[in-house]
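# Structural overview for review
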Amino acid sequence: MIVLHLPPRPVQATAADAKKDDEPVFATINGEPAASTIYCPEPMTVSLHLADADLKDYTVYLDGVKQDALDIPITPEHQTITIVMRHQSGVVTTQEIRIQSISLGEPDIDIPEYVFDRPVTLKWRKLPELTPQVQVDQTTLKDAAGVYSYQPDKTGTYTVHVSYPQAPYLKSSSYTFHYTNQLPSVSLQASALASNQDVTVHCTSDAPWIKTSYLEVDGQHQPWTSELVLKAADGEDHTYHVRAVVTDVFDHTAAQDIDVQIRRIPPHLSILFNGDMMPSDMTFTEVRSLQFQTTEPVQLEGSLNGMPVSILDLTQQLQQMDPGDILQVRCTVQDRFGNINTSVYTWIKASLLPTPDESLLRRKEKKPVTKKVQTKTKITGDAVQIRTWTLDDQNHLHVRQEIHQPQKKSQIIFMVPKHLHKGSKIRIVWLDPDGKTPRFFAINHKKIKTKWKTDRIGNRYYEFKLKKKTVVKLQTEDQTVRRVFRIEKMAGRPKWQEIIQLVLKALHA
């Protein structure tokens, strides 16, 4: 719609050829000022408004045809709007507004919907009468022979506006495109790459416009998720291969791979003692070799005769034991996955065994050959050590050693100082696989109800101080133990009566 004003003093137009102050007619289109020439690319309506106080009457003509209203429809085929004005003074004036038909056409725009790291360009046919103004957001582009180019500087959505400052009432054109120079990226961050627990993999991607994204776990496609939980069952050792793939709208692809191993198998631990596999407990007389069978560092905690002991070198600790000593060692290994294996071994130091007369095994003339000799020796407790000497056909001597120890449900160890005196501390160590306490426990015929304590390696114990002759009685399901402790007298210590007599003799001398 074009509005034509005829005020006493018309408003100045912004176009280069807008009306001068002395022109009685002023035109606007859609609120925008129009000059004396109206460019008409399509049908439109011109509305005239006359506001001159000296005006008596007027007549409006469109191409010589009188118009009955101030709203005048025009088309590109029309040429002139004529306004005849008669004033109170009798003066008659005439003003013409020229109508020029134009064809704006369509621009040649090289702007796809998504643009990656390149300038955008468009070509616009420059009309002889009008020069288009091309803007990207708030930036006005320069005209280079009808070609306009723009290089965005950051990722975002941009809008191209094409307008005509000489005819602001003409319809403008707008085009939108999305720009980035950023390649897609993807990241996989696992809570652990080696573990014995469930592992969470955090999946992130960075791309302005993603077309596809997915995960692969051991070659199997999975929908994209920000958190992927990997699991493994007890007794399993499984390595997951995880791959993340992201493709943007420009068909750029980013991918990352990681391997996550979940192992829920305790590490192996055993001991070769004197060349043989070490059982959970054994009696020995000598230490020839000791070797841990494991690939992990071994942590040692031990007790010697029920008292905690620091073990830096297990072989040396065994070599320093006296006959009858009992060393219990808790061995712990932990692998890089966090799996733990703990084994408890017990060594009992026995006395040296007698060696049989090897002459019994040697061939003598006119006498049968003895090819096997066996000895049995009772060692600590009820354990029996059996050694068998045999002679093979090549006259080579071989020795085989076995330990036979009856299985008991419980074991009682008294840890007693070498010399007993008043205040000596005695510890009773109670070893029971079921974790039970003795059925009956009394000191000097007085039943003890105090709870047993537990040492660092899990053995229960009870301590008391010697005050006089002490009788300890313990009764278990399979045995009864009675021990008597007395305060020792110092060797060579005279009686008090003898000391008094010696003092008196010295005084009378």
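Structure first, text after, so check above.
A short tour of the structure in this document, coming up. (Residues numbered from 1 in each chain as written. Predicted model: local features only at pLDDT ≥ 70, side-chain atom pairs only at ≥ 80, totals over all residues. Heavy atoms only, no water.)

## Overview of the overall build of the protein chain
- Scanning the protein chain from terminus to terminus reveals 2 helices and 45 strands.
- Looking at the protein chain as a whole, 38% of its 509 residues qualify as buried.
- Contacts in the protein chain between residues at least 24 apart in sequence constitute 55% of all its contacts with a sequence separation of at least 6.
- On the protein chain, roughly 30600 Å² of surface is accessible, and the fraction owed to carbon and sulfur atoms is 48%. (Helix = DSSP H or I, 4+ residues; strand = E, 2+ residues; numbered from the N terminus. Buried < 20%, exposed > 50% of the residue type's maximum accessible area, 1.4 Å probe, protein only. Contact = heavy atoms within 4.5 Å. Areas by Shrake-Rupley, 256 points an atom, 1.4 Å probe, with all protein chains shown as cover.)

## Focus: the pairing of strand E45 (residues 480-485)
- Where strand E44 (residues 470-475) meets E45, 6 bridges bridge the pair, whose relative direction is antiparallel. Along E45, the bridge assignment pairs valine 472 with arginine 483.
- In this antiparallel pair of consecutive strands, E44 and E45, the connection spans 4 residues. (Pairing = 2+ DSSP bridges.)

## Topic: the packing of aromatic side chains
- All chains considered together, the criterion is met by 13 aromatic pairs.
- Both rings, one in tyrosine 114 and one in phenylalanine 250, keep their centres 6.4 Å apart while their planes meet at 85 degrees; by these two values the pair is edge-to-face. Of this pair, tyrosine 114 sits in strand E12 (residues 114-116) while phenylalanine 250 sits in the loop between strand E25 (237-248) and strand E26 (253-263); the two residues are 136 residues apart in sequence, bridging distant segments of the chain.
- Its relative accessible area of 19% is what places phenylalanine 250 among the buried residues.
- Each member of the aromatic cluster is reached from another via a ring pair, and the members are Tyr114, Phe116, Trp209 and Phe250.
- Seen from the ring of tyrosine 461, arginine 427 lies directly overhead, with NZ or CZ sitting 3.8 Å from the centre.
- Taking the ring centre of phenylalanine 414 as reference, the NZ or CZ of arginine 483 above it sits at 4.7 Å. (Phe/Tyr/Trp six-rings, centres within 6.5 Å; stacked < 30°, edge-to-face > 60°. Lys NZ or Arg CZ within 6 Å of the ring centre and 35° of its normal.)

## Some words on the nonpolar core
- Core analysis: the largest hydrophobic core is formed by 40 residues, its most contacted members being Ile74, Ile81, Leu130, Leu170 and Phe177.
- Sort the elements by how many residues they give to this core and strand E5 (residues 44-50) lands first, with 4 residues.
- Each residue touching leucine 170, except ones within four places of it in the same chain, is listed here: Tyr39, Pro41, Ile102, Leu104, Leu130 and Tyr164. (Core = buried A, V, L, I, M, F, W, Y, C linked by side-chain atoms within 4.5 Å.)

## Some points on the sheet that holds E45
- Strand order across the open sheet formed by 4 strands is E41-E40-E44-E45, with antiparallel pairing between neighbours. In this open sheet, the two strands that pair with only one neighbour each are strand E41 (446-447) and E45.
- In terms of strand pairing, strand E40 (residues 440-443) meets E41 through 2 bridges, oriented antiparallel. Bridge pairing in E41 places isoleucine 443 opposite lysine 446.

## A closer look at the sheet that holds E25
- Read from one edge to the other, the open sheet built from 5 strands follows the order E20-E26-E25-E22-E23, with strand pairing classed as mixed. The sheet terminates laterally at strand E20 (194-195) and strand E23 (220-223), the two strands that pair on one side only.

## A word on the pattern of salt bridges
- Applying the stated criterion across every chain yields a total of 8 salt bridges.
- Here arginine 264 ties to aspartate 198 by a salt bridge, and the two come within 3.1 Å at their closest N and O atoms. Of this pair, arginine 264 sits in the loop between E26 and strand E27 (270-273) while aspartate 198 sits in the loop between E20 and strand E21 (199-206), placing them 66 residues apart in sequence.
- For arginine 264, a relative accessible area of 18% translates into the label buried.
- Glutamate 463 is paired through a salt bridge with arginine 427; the nearest N and O atoms lie 2.7 Å apart. Separated by 36 residues along the polypeptide, glutamate 463 in strand E43 (residues 460-465) and arginine 427 in strand E39 (residues 425-431) bring together distant segments of the chain.
- The partly exposed category is assigned to glutamate 463, whose relative accessible area is 28%.
- Each of Asp198, Lys231 and Arg264 takes part in salt bridges that share partners, so that together they form one network. (Salt bridge = Lys/Arg side-chain N within 4 Å of Asp/Glu carboxyl O.)

## Thoughts on the environment of asparagine 444
- Residue position: asparagine 444 is located in the loop between E40 and E41.
- Spatially, the C-alpha atom of asparagine 444 lies 8.2 Å from that of lysine 473, the residues being 29 residues apart in sequence.
- Not counting residues up to four positions away in its chain, the partners in contact with asparagine 444 are Lys468, Lys469, Thr470 and Val471.

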